[in-house]
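# Summary of the model geometry
Listed here are the chains, written in short residue letters.
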Amino acid sequence: MNKPIQCVVLDEDICNGCIHCIKCCPTEAIRVKNQKAVITPERCITCGECIRVCPSHAKKALRDPLEIIDGFKYKVALPHPALYAQFNNLEDKTTVLRALLDYGFDEVFEVAAASETVTEMTRRLISEKKAVLPIISSTCPAVIRLIRLRFPNLIKNISPLYAPREVAASTALLAAMNKTLMPREDIGIILIAPCPGQVASVRVPLGFEKSGIDAVIAISDIFPKMPELMKNADITEAIGTQFSIAGRVGASWGSTGGEAKGILSDNCLSADGIENVIKVLSDLEDERFQNLDFIELTACPGGCVGGMLTVENPYIARVKLAKLRKYLPVSGTRLDDIEINTLFRDGEIEYLPAFNLSDNISESIRLMDELDEILKTLPNLDCGCCGSPTCRAFAEDIVRGGEGKCIYSLIKGT
């Protein structure tokens, strides 16, 4: 469960050693050493902020290549709701789903459909008081890992439900096996994702043993061929398959506030962007919120449409998704259509002690005292010129056995 995640990687040939990334990382997972950025996997939450701010484009989000689709005899696409927001003047998402079949998939199951099931189950948990309130959505992998690292007291608030992508995967797999009678290894469940966080959540699942998703491809990778396929798509055939089942509730999950709206409660809170997420979690931990039922948090600005593996401006994408919602029914799925037990995670989400100075309490206290003494000698400018994001982080690096010099102290001759 504590296995490091490495879904954001550095191209050292491009990196010029600037400090943009170390200043934006919410978990101080990056240092600059020998004029190159270095990412600590144990602290990385795959939020993609370092990719977003890197002026040299030296950070890359790992995902599976499109060719991985060809490795399965029967291929099922799981399109994320953010995919719909990438196209202009989309009035019928069936066009997108039909285009995916023409792309080479044998079947399509909307993540948005599973989102509606999760929404309905969340409403039931709240009304029956069967979860710790406020429930924090389990959808954004970056937020969940952030909580595990920095806000362990809030782990109990994380929804006990699988994220919709996993619900979609298990539902789609069962349907495919019943339809084709093929063995599991011949069927590929392929998520079309908007961010590296979802790649990481499949490779290292949060709160369960193994993901039902076999591969994750990026919206940005599949997008270039989609407009032409959509233009020639025969939606009459697609409608006959009845796979465009999700309504407004599910499609709305693609942007900020969409998930919370489906809860149908005035006591919901939504926030996007990693800095805003941290502020909300800090206030929640300090018990500054009262009578909240549900909290929706997404690390990317604008929600999932702002993920680093999308192509459209996130705020324009939100407008596009809002327009599409006008043409959809309220909801296309029902909780009665699924085995309820399959919605709940089978394991606990664990605290990640990546910030502990030592596993031994006495040693940890000694190192903390040493850190504080080093910090007293530093200027507390948090300039980042030493390669660490703050003076405190620099002192921590020294305590952990690292090397380095404070530029300001060298100039002052101290």
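Residues numbered from 1 in each chain as written. Predicted model: local features only at pLDDT ≥ 70, side-chain atom pairs only at ≥ 80, totals over all residues. Heavy atoms only, no water.

## Digging into the pairing of strand 9 (residues 215-218)
Definition in use: Working definition: with a 1.4 Å probe on protein chains only, accessible area under 20% of the residue-type maximum means buried, over 50% means exposed, and in between means partly exposed. The numbering of helices and of strands both runs from the N terminus, where a helix is a DSSP run of H or I of at least 4 residues and a strand a run of E of at least 2. Two strands are said to pair when DSSP picks up at least two bridges between them.
Burial along strand 9 is two-sided: the face carrying Ala 215 and Ile 217 and the face carrying Val 216 and Ala 218 are both buried. For strand 8 (residues 187-193) and strand 9, the ladder comprises four bridges, and the chain directions are parallel. Counted as the bridge partner of Ala 193 is Ala 218 from strand 9.

## As for the side chain of Glu 396
For clarity, the threshold we go by: For this analysis, a polar contact is any N or O atom pair within 3.5 Å, provided that within protein one partner can donate a hydrogen and the other can accept it, and provided that sequence-adjacent residues contribute only side-chain to side-chain pairs. Working rule for contacts: check all heavy atoms of both residues, and any pair within 4.5 Å makes them a contact.
You can see Glu 396 is positioned in helix 16 (residues 391-399). For Glu 396, a relative accessible area of 10% translates into the label buried. Separated by 2.4 Å, the side chains of Glu 396 and Arg 43 make a polar contact. Within polar-contact distance, the side chain of Glu 396 engages the side chain of Arg 400 at 2.9 Å. The contacts of Glu 396, once residues within four sequence positions are left out, are Arg 43, Leu 357 and Leu 371.

## Section: the packing of aromatic side chains
How we decide: Two rings from Phe, Tyr or Trp (for Trp, the six-membered ring) form a pair when their centres sit within 6.5 Å of each other. Planes less than 30 degrees apart are called stacked, planes more than 60 degrees apart edge-to-face, and all others tilted.
Going through the model one piece at a time under the given rule, you end up with three aromatic pairs. A centroid spacing of 6.4 Å and a plane angle of 25 degrees characterise the contact between Tyr 103 and Phe 105, whose relative ring orientation is stacked. On the basis of relative accessibility, which here comes to 3%, the residue Phe 105 falls in the buried class. Both rings, one in Tyr 162 and one in Phe 208, keep their centres 5.0 Å apart while their planes meet at 75 degrees; by these two values the pair is edge-to-face. Residue Tyr 162 is located in the loop between helix 5 (141-150) and helix 6 (164-180), and its partner Phe 208 is located in the loop between helix 7 (196-203) and strand 9; the two are separated by 46 residues in the primary sequence. In this structure, Tyr 162 and Phe 208 share a single accessibility class: buried.

## A few points about the sheet that holds strand 9
Where strands meet in a sheet, backbone hydrogen bonds hold them as pairs that are either parallel or antiparallel. Taken in spatial order, the four strands line up as 6-5-8-9 in an open sheet, and their pairing is parallel. Each of the sheet's edge strands pairs with one partner strand only, and the pair in question is strand 6 (107-108) and strand 9. By the bridge criterion, two bridges tie strand 5 (residues 74-79) to strand 6 in an arrangement that is parallel. What sits directly across from Val 76, in strand 6, is Glu 107.

## Observations concerning unusual backbone geometry
Leu 133 connects to Pro 134 through a cis peptide bond whose omega is -5 degrees. By secondary structure assignment, the location of Pro 134 is in the loop between helix 4 (111-127) and strand 7 (135-136). The backbone phi angle of Leu 264 is positive, close to 60 degrees, even though this residue is not glycine. Counting through the fold element by element, Leu 264 comes out in the loop between helix 12 (258-261) and strand 10 (268-272). Its relative accessible area of 68% is what places Leu 264 among the exposed residues. For Glu 287, which is not a glycine, the phi torsion comes out positive at approximately 60 degrees. With respect to the helices and strands, the residue Glu 287 is situated in the loop between helix 13 (274-285) and strand 11 (294-298). Overall, Glu 287 belongs to the exposed group, its relative accessible area being 62%.

## Digging into the pairing of strand 8
Put simply, the rule reads: With the strands aimed away from the viewer, a crossover counts as right-handed if its path from the first strand over the helix to the second runs clockwise.
Taking burial as the measure, the seven residues of strand 8 include seven buried ones, the bulk of the element. In this structure, strand 5 lies alongside strand 8, joined through six bridges in parallel fashion. By the bridge assignment, Val 76 is partnered in strand 8 with Ile 189. Where the polypeptide runs from strand 8 across helix 7 and back to strand 9, its parallel neighbour, the crossover connection is right-handed.

## A few points about helix 13
The test is simple: One less than the residue count of a helix, multiplied by 1.5 Å, gives the span that helix is expected to have.
End to end, helix 13 covers 16 Å across twelve residues, agreeing with the expected 16 Å (1.5 Å per residue, within 8%). For helix 13, the full list of buried residues reads Ile 274, Val 277, Ile 278, Val 280, Leu 281, Asp 283 and Leu 284. Against the buried residues of helix 13 lie helix 2 (49-53), strand 7, helix 5, strand 10 and strand 11. Following helix 13 by one or two positions, Glu 287 has its phi on the positive side, about 60 degrees.

## Quick look at a nonpolar patch on the surface
Basically, it comes down to this: To count toward a patch, a residue needs a relative accessible area above 30% and no salt bridge. Like charges then connect within 9 Å, nonpolar side chains (Val, Leu, Ile, Met, Phe, Trp, Tyr) within 5 Å. Only the protein chains shown count as cover for residues, and the accessible areas themselves come from Shrake-Rupley with a 1.4 Å probe. We define a salt bridge as a contact between a side-chain nitrogen of Lys or Arg and a carboxyl oxygen of Asp or Glu at a distance within 4 Å.
Side chains of Ile 407, Leu 410 and Ile 411 sit close together on the surface and give an oily, nonpolar patch of about 320 Å² of accessible area. On the secondary structure map, Leu 410 appears in helix 17 (residues 407-412).

## Side note on the nonpolar core
Nonpolar side chains in soluble globular proteins tend to end up buried together. Test applied: By convention a nonpolar core is built from buried Ala, Val, Leu, Ile, Met, Phe, Trp, Tyr and Cys residues, the set being connected through side-chain atoms within 4.5 Å.
Counting residues in each nonpolar core, the largest one holds 61 residues, and the members touching the most others are Ile 30, Val 76 and Leu 78. Per-element accounting of this core gives the leading share, eight residues, to helix 4. Setting aside residues no more than four positions away along its own chain, Leu 78 makes contact with Phe 109, Val 111, Arg 165, Ala 168, Ala 169, Ala 172, Ile 189, Ile 190, Leu 191, Ile 192 and Ile 213. Formed by 31 residues, the second largest nonpolar core is a distinct cluster that contains Ala 82, Leu 97, Val 108 and Leu 321.

Geometry only, nothing functional implied.
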